[in-house]
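Okay, here's what each chain looks like letter by letter:
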Amino acid sequence: MSTVLKKPPLYDASAFVGMRKAGKLAAQVLHYITPFVTEGTSTDELNTLCHDFIVDHGAVPAPLHYRGFPKSVCTSINQVVCHGIPGPKRLKKGDILNIDVTVIVDGWHGDTSTMFAIGPIAPQHQKLMDITKQALDMAIALVRPGCFLGDIGHAIQSLVEPKGYSVVRDFCGHGIGRVFHDDALEVLHYGKPGTGLCLQQGHFFTIEPMINMGRPEVRILKDGWTAETRDGKRSAQYEHTVGVTATGCEIFTRLED
């Protein structure tokens, strides 16, 4: 029996309008929370601040109760790759932290994450964050009609691996829009040029490379969500939501100012 592969949707101009609103608010959440990300603050306190900001702006925090996730944002510290659950743990000097925010505005999803350094951090940890951000920016610069998803993954892999880092294989970017995760469009952060989906105007998706200082393998903790590096070495991630335009792409989750 043949299997019919589901095609990701192609969104129109009105959808771009909706995604701009959702993406802008997601970016505003990260901007708002930045001064609160300090030594001694708990990740649960950060979650509460983000939750209240989102709700006060008439939106919904998409992670809350999504497949049972108990909080409104993800907070991933040091060796945690992604999906860290906010809790009583307090940030300490030298930590690196990823906060991942997804909001729903009028049915549209805006998904973004960024890294924070708590006080002075070790140079090698700053370098990890810098190269991960560079990988995201390089990948976004490739997005246009005719680009293959394999081109994006290959660019990220070719940048980070020669420098001694590894690309997490267990998680990837995803289609997004009216749904949080559209599995019909998966953005691997490694790959071969000219392979995978050929992008067209109207495709919406996230790019969110997770880069490890050590090996790429991860393990899921007993809470069923928290993913951390198997070797205990640190990981970093940056994420944007983008839409393919006629000539390139629009970054929905980047604040213009």
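Our subject is the structure that appears above.
Residues numbered from 1 in each chain as written. Predicted model: local features only at pLDDT ≥ 70, side-chain atom pairs only at ≥ 80, totals over all residues. Heavy atoms only, no water.

1. So, the pairing of strand β4 (residues 96–105)
β4 sits mainly inside the fold: 9 of its 10 residues count as buried. Examined bridge by bridge, strand β1 (residues 60–61) and β4 share 2 bridges and lie antiparallel to one another. Bridging across to β4, Val60 finds its partner in Ile104. Sheet topology places strand β2 (residues 74–77) next to β4; 4 bridges connect them, and they run antiparallel. When the bridges of β4 are listed, Thr75 appears paired with Ile99. (Buried < 20%, exposed > 50% of the residue type's maximum accessible area, 1.4 Å probe, protein only. Helix = DSSP H or I, 4+ residues; strand = E, 2+ residues; numbered from the N terminus. Pairing = 2+ DSSP bridges.)

2. A short note on the packing of helix α1 (residues 13–33) against helix α2 (residues 43–56)
For the pair α1 and α2, the least separation of the axes is 10 Å and the interaxial angle reads 135°. In terms of orientation, α1 and α2 fall into the oblique class. Note that α1 runs across α2; the crossing there is right-handed. Together, Leu25, Gln28, Val29, Tyr32 and Ile33 of α1 and Leu46, Leu49, Cys50, Phe53 and Ile54 of α2 make up the contact between the two elements. Class assignment of the residues belonging to the contact of α1 with α2 gives a composition of 9 nonpolar, 1 polar and no charged. (Axes fitted to C-alpha atoms, helices over the stretch in contact; angles between N-to-C directions. Parallel < 35°, antiparallel > 145°, perpendicular 65-115°, else oblique. Left-handed = near helix turned anticlockwise from the far one by under 90°. Contact = heavy atoms within 4.5 Å. Nonpolar A, V, L, I, M, F, W, Y, C, P; charged D, E, K, R; others polar.)

3. Examining the environment of Asn78
As for its position among the elements, Asn78 is in the loop between β2 and β3 (80–82). Not counting residues up to four positions away in its chain, the partners in contact with Asn78 are Lys92, Gly94, Asp95, Ile96, Arg234 and Ser235.

4. Some words on helix α3 (residues 123–142)
The first and last C-alpha atoms of α3 sit 29 Å apart over 20 residues, in line with the 28 Å expected at 1.5 Å per residue. Every buried residue of α3 is accounted for by His125, Leu128, Met129, Ile131, Thr132, Ala135, Leu136, Ala139 and Ile140. (Expected span 1.5 Å × (residues − 1).)

5. A short note on the sheet that holds strand β11 (residues 218–220)
A sheet is described by the order of its strands in space; here 3 strands give the open sequence β3-β12-β11, paired in antiparallel fashion. Here the strands that pair on one side only, and so sit at the sheet edges, are β3 and β11. Shown here is a sheet whose adjacent strand axes are inclined to one another by a mean of 40°, direction ignored. Pairing of β3 with strand β12 (residues 227–229), which is carried by 2 bridges, proceeds in the antiparallel orientation. Note on β12: the bridge partner recorded for Cys82 is Ala227.

6. Regarding the packing of α3 against helix α4 (residues 149–160)
Pairs of packed helices are described in terms of their axes, by the angle between the two and the distance that separates them. Two numbers describe how α3 lies on α4: the axes approach to 9 Å, and their chain directions differ by 150°. Viewed along their axes, α3 and α4 adopt a mutual orientation that is roughly antiparallel. α3 and α4 meet at a crossing whose hand is right-handed. Counted together, Ile131, Gln134, Ala135, Met138, Ala139 and Leu142 of α3 and Asp151, Ile152, Ala155, Ile156, Leu159 and Val160 of α4 form the full contact between these two elements.

7. As for the environment of Gln157
Along the chain, Gln157 falls in helix α4. On the accessibility criterion, Gln157 (16% relative accessible area) is buried. In this structure the C-alpha to C-alpha distance between Gln157 and Ile211, which are 54 residues apart in sequence, comes to 9.5 Å. If near-sequence neighbours (up to four positions away) are discounted, Gln157 is found in contact with Pro162, Val167, Arg169, His189, Tyr190 and Gly191. Engagement of the side chain of Gln157 in a polar contact is seen with the backbone nitrogen of Gly191, the distance being 3.1 Å. (Polar contact = N/O pair within 3.5 Å; in protein donor to acceptor, adjacent residues only side chain to side chain.)

8. A short note on the sheet that holds strand β6 (residues 166–167)
Taken in spatial order, the 3 strands make up an open sheet running β6-β10-β13, and their pairing is antiparallel. Across the chains shown, the open sheet's two edge strands, defined by having one partner strand only, are β6 and β13 (235–237). Two strands pair when backbone bridges link them, and strand β10 (residues 210–212) and β13 are joined in this way by 3 bridges, in the antiparallel orientation. Note on β13: the bridge partner recorded for Met210 is Gln237.

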